[in-house]
Amino acid sequence: MPRATGVRGFLERLDRGPVIGDGGFVFALEKRGYVEAGPWTPEAVIEHPEAVKQLHREFLRAGADVCQAFTFYASEDKLKNRGHSAGSHGVMEINQAACDIVKEVTYPEGGLVAGGLSQTPTYITTQDKALVQAEVRKQCEIFKKNEVDLMICEYYDHVEEAEWHVEAVKDFMPGVPVCASLCINEDTDVHGVPTGECGVKLARAGADVIGINCHYDPFRCLDAVKKMIKNVKAAGFDKVHFMIQPLAFMTPDASVQGFIDLPEFPFALEPRICTRWEMQRYARESYEAGIRFIGGCCGFEPYHIRAVSEELSAERGGFQPASGMINWGACLKKHTKPWVRARASKEYWQNLKPGTGRPYSSSLSKCDQWGITAGHELVHQHEEETGEEELKKGLDFKKRLVHKGVC
């Protein structure tokens, strides 16, 4: 599927104003029954292509400018990890199917297509740069062949791995804009590198766009990106743009590894979901902070992207999403009940403090803070299924933490 004629490039669009990304595919498709929780791999592009295609359509209708090929966690080592069956497809087949789908849907609408990379089991098991970059090049072969408009390197706990990915992409796909985002908080990555310094490291590695995605809510991610902006600009990287693609879940209580430390992860996060009005506030505050590539990650549904798109309509030249404008609930004027019609105002929705309907639930949770990361025995990855002995080691480790009062 060819691109539409006259379409501006990614960096040119960022220079002109905000560019809206799409939302979180693995969570959205898991809830619809097309992705397996745990591995979170994208074999649905082969096994259920219509489901993937429809989700791309919905994000485009909601106002997304960039659609990312559904290749999250598609490195060869991840597809085969712990006995996972996705390895039977392989990275080449999955990435090509993902590119075919996203190009078919996105290009006729004038959108841009992004290839995607993410953290690898090879890094947390070996910390070997040559092996990690070999996994990157395998994935990039298809993206290079398909001439994607940009690359998004995302979801890294360790800035070091992100640097290696950016360097490999820049070398293998010269001329293609590269975005790099970490899934870290406003303080440090999981090896203790300060968040602002992480931004500088990504800029030095050659990233054109730098930021934060996943693991934390929109406002914690925004605080993290602000630190990157300050440090990157102070280091003299004036042409670097910034991005943000947070969770759609509120996570004020999430610890160093974000929402995966919360006891509700991944099957009971719904009470934490952000409202569309919170998403409009997130979009506005991100834009005012100088962030120009604004989208979402896990939990982001099309209606969240619609809210982001609507909030920044004026900055996008009056653009309106194909799914229509909510306009702060003006549509409620048509409701049959007068008390609902009375809610048709910006003042009402901006000031609402939503109830959860869960009278016996606490507002915050106690995180699982195991304090282990790359190099620890319990995070070593392998192709064999997780065995009973390995499970027992993990349970015993947790019991010791509980005894110490950590969990």
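Every value quoted in this text rests on a predicted model; they were computed, and no experiment measured them.

A few words on the overall build of the protein chain. Summing up its helical and strand segments, the protein chain has 16 helices and 8 strands in all. Relative to its length of 407 residues, the protein chain is compact, with a C-alpha radius of gyration of 21 Å against a globular reference of 22 Å. Relative to its full complement of 407 residues, the protein chain shows a buried share of 55%. Taking the contacts inside the protein chain whose residues are at least 6 apart along the sequence as the reference set, 77% of them involve residues at least 24 apart.

As for its placement among the helices and strands, Q280 is situated in helix α12 (residues 276-288). Here Q280 falls in the buried class, since its relative accessible area comes to 4%. Side-chain polar atoms of Q280 contact the side chain of E311, separated by 2.8 Å. Those residues within four positions of Q280 in sequence are excluded, and the remaining contacts are A307, E310, E311 and W328.

This brings us to the sheet that holds strand β1 (residues 19-20). The strand order across the open sheet built from 8 strands is β1-β8-β7-β6-β5-β4-β3-β2, with neighbouring strands paired in parallel fashion. Two strands lie at the open edges of the sheet, namely β1 and β2 (66-68), each paired on one side alone. Both β1 and strand β8 (residues 293-294) contribute to a ladder of 2 bridges, which runs parallel. Across the sheet, residue I20 finds its bridge partner in β8, namely I294. In the packing of helix α8 (residues 129-145) onto the sheet, contacts are made with β3 (112-118) and β4 (150-154), and the angle to β3 comes to roughly 165°.

Time to look at the nonpolar core. One finds F70, L117, M151, V169, L182 and F259 to be the most contacted residues of the largest nonpolar core, which totals 100 residues. Residue contacts for F70: discarding those within four places in its chain leaves F25, V26, L29, V35, P42, A44, V45, V52, H56 and A98. Ranked by size, the runner-up nonpolar core spans 12 residues in total, among them I152, C179, M243 and F293.

Next up on the list: the pairing of β3. Most of β3 is tucked away: 7 of the 7 residues are buried. Side-chain alternation along β3 places L112, A114, G116 and S118 on one buried face and V113, G115 and L117 on a second face that is also buried. Relative to β3, β2 is paired through 3 bridges, and the arrangement is parallel. Bridge pairing in β3 places C67 opposite V113.

A separate point is the environment of V379. Inspection of the secondary structure puts V379 in the loop between α15 (346-351) and α16 (388-404). By relative accessible area, V379 is classed as buried at 16%. In sequence terms V379 and R316 are 63 residues apart; their C-alpha atoms lie 44 Å from each other.

Quick look at the packing of helix α6 (residues 91-106) against α8 now. Taken N-terminus to C-terminus, the directions of α6 and α8 make an angle of 30°; their axes are 9 Å apart at the nearest point. In the packing of α6 onto α8, the handedness of the crossing is right-handed. When α6 is examined against α8, the residues V91, M92, N95, Q96 and C99 are found in contact with a partner set consisting of K138, Q139, E141, I142, F143 and K145. Grouping the amino acids of the contact of α6 with α8 by side-chain chemistry returns 5 nonpolar, 3 polar and 3 charged.

What follows deals with the state of the cysteines. Disulfide: a covalent bond formed between the sulfur atoms of two cysteine residues. Overall, the coordinates contain 0 disulfides when judged by the stated rule. Here C179 stays unpaired: no disulfide links it, and the sulfur of C153, its closest cysteine neighbor, is 8.2 Å away. Cysteine C274 is unpaired, with the sulfur of C221 as its nearest cysteine sulfur at 10 Å. Relative accessible area serves as the criterion here: at 1%, C274 is assigned to the buried category.

With that out of the way, let us pick up the pattern of salt bridges. By the definition in use, this model includes 16 salt bridges. When the shortest N-O distance is used, the salt bridge between E264 and R272 registers 3.5 Å. Of the two residues, E264 and R272, neither departs from the other in class, the shared state being buried. The salt bridge partner of R284 is E315, with a shortest N-O separation of 2.9 Å. Separated by 31 residues along the polypeptide, R284 in helix α12 and E315 in the loop between α13 (302-311) and α14 (338-341) bring together distant segments of the chain.

What counts, and at which threshold
Every chain's residues receive numbers from 1 upward, in the order its sequence appears when written. Totals for whole chains, interfaces and linings use every residue, but because this is a predicted model, local features are given only for residues with pLDDT of at least 70 and side-chain atom pairs only at 80 or more, for both listing and counting. The side-chain figures draw on all heavy atoms in the structure; neither hydrogens nor water molecules are used. In this text, helices come from DSSP runs of H or I with a minimum length of four residues, and strands from runs of E with a minimum of two, each type numbered from the N-terminal end. We compute the radius of gyration over the C-alpha atoms and compare it with the globule rule, which gives 2.2 Å times the number of residues raised to the power 0.38. With a 1.4 Å probe rolled over the protein chains alone, any residue whose accessible area is under 20% of its type maximum counts as buried; one over 50% counts as exposed, and the rest are partly exposed. When checking whether two residues touch, look at their non-hydrogen atoms; a contact exists if any pair is within 4.5 Å. The definition of a polar contact used here is a pair of N or O atoms within 3.5 Å, where within protein one atom must be able to donate a hydrogen and the other to accept one, and adjacent residues in sequence count solely through side-chain atom pairs. Two strands are said to pair when DSSP picks up at least two bridges between them. Angles shown run from 0 to 180 degrees and are taken between the N-to-C directions of axes, each axis being a line fitted to C-alpha atoms and, for helices, limited to the stretch in contact. Within this scheme, the nonpolar core is defined by two criteria: the residues are buried Ala, Val, Leu, Ile, Met, Phe, Trp, Tyr or Cys, and they are joined through side-chain atoms within 4.5 Å. In this scheme the crossing of two helices becomes right-handed for a clockwise turn of the near helix relative to the far one and left-handed for an anticlockwise turn of less than a right angle. Note that Gly is not counted as nonpolar here; it falls among the polar residues with everything else outside the nonpolar set of Ala, Val, Leu, Ile, Met, Phe, Trp, Tyr, Cys and Pro and the charged set of Asp, Glu, Lys and Arg. Criterion for a disulfide: a pair of cysteine sulfur atoms at a distance within 2.5 Å. Within this document, salt bridges are pairs made up of a side-chain nitrogen of Lys or Arg and a carboxyl oxygen of Asp or Glu, the two lying within 4 Å of each other.

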